[in-house]
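The chain contents come next:
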Amino acid sequence: MTTILRKHFHLLLALAFVLAMPLTMQSGSLASEVLIYGLAAMGCNLLLGHTGLLSFGQGIFFGLGSYTIALTLTRWPLPMPLALALAVVAGAVGAALVGWVAIRQRGTYFVMLTLAFAQMFYFLAYSMPGLTGGDNGLMDIPRPSLAVGGFTLWPLTSPWQYYGFVAVVFLVAFWLLQKVSASVFGRTLLAVRDNEERAGAIGYDLKLLKLQAFVISGAVTGLAGALHAMMTGIAPLANAEYHTSEMILVMTVIGGTGNLLASLLGSAFYLIVGDWLSTLWPRWLLLLGVVLMVISLGMQRGLWGLFESVWDRLRGAKHAKHATDATPAGTGDKA
């Protein structure tokens, strides 16, 4: 039993987090947004934390997912599960195209390529109003219930009903990404991150590995974009702009790189603290910037690293107390 708990510890923590939000939050939409951006941050974490690739192109895949779900539910009506699947495919295909070019460079030039692609996609979406709605985006996106043969299995009309659906999708995606992370493929990505030259020298196809990581990341981020569009009822141009890529990257860094559960912590912190600060001052982004600077200067491993440090100190203090209690009286050093 203990072995099973250790093996699925992070999944159980994610489940506890998902179950706790309805008990501690008043807004179902904000709770859904936390999980949706947690998905996007996990996709980014697979690139940054597991492969060592700093990408500013995540907004491309988020926007592709939003536009795909909008088109398949409004102009070309399809069943909602199929529309979500197509959004995942769109994100994966977009990531394959971006990654195929970007992985040919490393370091600063790789970052510049992903940023260039993000800007290109933004202006492409802006200049095609017939397909993307241009500056207005695509509006009136429905949120159809899950139904079979006309029988409704899961209504998605209220914010908390939709949160339940998003929570199931999130947990399934989290479980699958955990499988990827723990697989031989995932451990190989860590080898590429830690020492790319050595990984290439022993025979790994570095370009193929990076491209595969890109595709998986794009698929997850495309799913997040589709869920966000269904939640808000609109696929805005803002979903494809540079700020979205920046926000997803910041959430990833705040939570901590190299750990998928940390991505959920990062998205929760960014969105919940941002929502709270916005009630205190109209220029709340200035306050959020100060908070982010404090985290960057004092917690280089993010929130997850902070929790690990606190946990290790508590365990160390507990073990020291047990050792002291177990020492027989009068056996200490004598002067």
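As shown above, the structure is provided for reference.
Nothing here was measured: the structure is a model prediction, and the numbers come from that model.

A closer look at a nonpolar patch on the surface
Then, in step 1: Together, Leu306, Phe307, Val310, Trp311 and Leu314 give the surface a local cluster of nonpolar side chains, amounting to about 500 Å² of exposed area.
Then, in step 2: Assignment of secondary structure puts phenylalanine 307 in helix 15 (residues 302-326).

Let's talk about unusual backbone geometry
Then, in step 1: The phi dihedral of aspartate 140 falls on the positive side, at around 60°, and the residue is not glycine.
Then, in step 2: Within the fold, aspartate 140 resides in the loop between strand 1 (138-139) and strand 2 (146-148).
Then, in step 3: For aspartate 140, a relative accessible area of 69% translates into the label exposed.

Observations concerning the packing of aromatic side chains
Then, in step 1: Scanning all chains against the criterion turns up 9 aromatic pairs.
Then, in step 2: Judged by centre distance (5.2 Å) and plane angle (80°), the ring pair of tyrosine 122 and phenylalanine 123 falls under edge-to-face.
Then, in step 3: Taking the centre distance of 6.2 Å and the plane angle of 35° together, the rings of tyrosine 162 and phenylalanine 165 count as tilted. Residue tyrosine 162 and its partner phenylalanine 165 are located together in helix 8 (residues 159-182), separated by 3 residues, close to a single helical turn.
Then, in step 4: Assessed through its relative accessible area of 1%, tyrosine 162 is described here as buried.
Then, in step 5: Classification of phenylalanine 165 by relative accessible area gives buried; the value is 8%.
Then, in step 6: Through pairs of rings, three or more aromatic residues link up here, namely Phe61, Phe110 and Phe214.
Then, in step 7: Lying over the aromatic face of tryptophan 100, arginine 104 brings its terminal NZ or CZ to 4.2 Å of the ring centre.
Then, in step 8: A cation over an aromatic ring shows up here: arginine 143 above the ring of tyrosine 162, its NZ or CZ 4.6 Å from the ring centre.

Topic: the environment of arginine 301
Then, in step 1: Position of arginine 301 among the secondary structure elements: in the loop between helix 14 (284-298) and helix 15.
Then, in step 2: Taking C-alpha positions, arginine 301 is 34 Å from tyrosine 67, a pair spaced 234 residues apart along the chain.
Then, in step 3: Apart from residues no more than four positions distant in its own chain, arginine 301 is found in contact with Gly255, Gly256, Glu308 and Ser309.

What about the side chain of threonine 221?
Then, in step 1: Residue placement: threonine 221 occurs in helix 11 (residues 206-232).
Then, in step 2: Here the side chain of threonine 221 touches glutamine 58 through a polar contact of 3.4 Å, side chain to side chain.
Then, in step 3: Contact partners of threonine 221, with chain neighbours within four places excluded, come to Ala40, Gly43, Gln58, Phe61, Phe62 and Ile248.

Topic: the layout of surface pockets
Then, in step 1: The calculated volume of the largest pocket comes to roughly 360 Å³.
Then, in step 2: Lining the largest pocket we find Phe9, His10, Leu13, Phe17, Leu261, Leu265, Trp304, Phe307, Glu308, Trp311 and Asp312.
Then, in step 3: Among the elements of the structure, helix 2 (9-24), helix 13 (260-278) and helix 15 are those that each provide at least two residues to the lining of the largest pocket.
Then, in step 4: When its residues are assigned to classes, the lining of the largest pocket shows 8 nonpolar, 1 polar and 2 charged.
Then, in step 5: Roughly 290 Å³ of internal volume is contained in the second largest pocket.
Then, in step 6: Breaking the lining of the second largest pocket down by element, the ones donating at least two residues are helix 1 (2-7), helix 2 and helix 8.
Then, in step 7: Each residue belonging to the lining of the second largest pocket can be placed in one class, and the counts come to 5 nonpolar, 7 polar and 3 charged.

Considerations on the environment of histidine 8
Then, in step 1: Tracing the backbone shows histidine 8 in the loop between helix 1 and helix 2.
Then, in step 2: Overall, histidine 8 belongs to the partly exposed group, its relative accessible area being 28%.
Then, in step 3: Considering only alpha carbons, one finds histidine 8 and leucine 53, 45 residues apart in sequence, at a separation of 27 Å.

As for helix 6 (residues 108-126)
Then, in step 1: Between its terminal C-alpha atoms helix 6 stretches 27 Å, which fits the 27 Å expected from 19 residues at 1.5 Å a residue.
Then, in step 2: Every buried residue belonging to helix 6 is among Phe110, Val111, Thr114, Ala118, Phe121, Tyr122 and Ala125, and all of these are buried. Along the axis of helix 6, the buried residues cluster in a sector spanning 115°; they form a single face. Within helix 6, the exposed residues directed more than 90 degrees away from the buried face are Thr108, Tyr109 and Met120.
Then, in step 3: Residues of helix 6 that are buried in the fold lie against helix 4 (58-74), helix 5 (80-102), helix 7 (129-132) and helix 11.

So, the nonpolar core
Then, in step 1: Counting 96 residues, the largest nonpolar core has Leu35, Leu39, Leu84, Phe170, Phe214 and Leu227 as its most contacted members.
Then, in step 2: The biggest single contributor to this core is helix 3 (residues 28-51), with 14 residues.
Then, in step 3: Sequence-distant contacts of leucine 39, defined by excluding residues within four places in its chain, comprise Phe170, Ala173, Val220, Leu223, Ala224 and Leu227.

Rules behind the numbers
- Think of each chain on its own: its residues are numbered from 1, step by step along the sequence as written.
- With pLDDT at 70 or above as the cut-off, local features in this predicted model cover only qualifying residues; side-chain atom pairs require 80 or more to be listed or tallied, and sums for whole chains, interfaces and linings still use all residues.
- Heavy atoms throughout the structure, all of them, feed into the side-chain values; hydrogens and water do not.
- A residue counts toward a patch only above 30% relative accessible area and without a salt bridge, and it is joined to like-charged neighbours within 9 Å or, for Val, Leu, Ile, Met, Phe, Trp and Tyr, to nonpolar neighbours within 5 Å.
- For the area figures, the Shrake-Rupley method with a 1.4 Å probe applies, and any residue is considered shielded solely by the protein chains shown.
- Should a side-chain nitrogen of Lys or Arg be within 4 Å of a carboxyl oxygen of Asp or Glu, the pair is scored as a salt bridge.
- Strands here mean DSSP runs of E at least two residues long; helices mean DSSP runs of H or I at least four residues long; both are numbered from the N terminus.
- For each residue, the accessible area found with a 1.4 Å probe, counting protein chains only, is set against the maximum for its type, and the residue is called buried under 20%, exposed over 50%, and partly exposed in between.
- To pair, rings of Phe, Tyr and Trp, with the six-membered ring standing in for Trp, must have centres within 6.5 Å; the planes then decide the type, stacked if under 30 degrees apart, edge-to-face if over 60, and tilted in the middle.
- A ring has a charge above it when a Lys NZ or an Arg CZ is no more than 6 Å from the ring centre and no more than 35 degrees off the ring normal.
- Should any heavy atoms of two residues lie within 4.5 Å, those residues are considered in contact.
- Think of a polar contact as two N or O atoms within 3.5 Å of one another; within protein, one of them needs to be a possible hydrogen donor and the other a possible acceptor, and neighboring residues in sequence only count if both atoms come from side chains.
- Think of a 1 Å grid over the protein atoms and nothing else: a 1.4 Å probe that fits but is trapped marks a cavity, an open set flanked by protein within 12 Å on at least five of seven lines marks a pocket, and residues with an atom within 4 Å of a point count as lining.
- Grid points are joined across faces, edges and corners, and a volume is the space filled by probe spheres set on the points.
- Throughout, the ten residues Ala, Val, Leu, Ile, Met, Phe, Trp, Tyr, Cys and Pro are labelled nonpolar, Asp, Glu, Lys and Arg are labelled charged, and all others, Gly among them, are labelled polar.
- Expected helix span is given by 1.5 Å per residue-to-residue step, counting one fewer step than there are residues.
- The arc refers to the directions leading from the helix axis to the C-beta atoms.
- In this description, a nonpolar core means a group of buried Ala, Val, Leu, Ile, Met, Phe, Trp, Tyr and Cys residues linked to one another through side-chain atoms lying within 4.5 Å.

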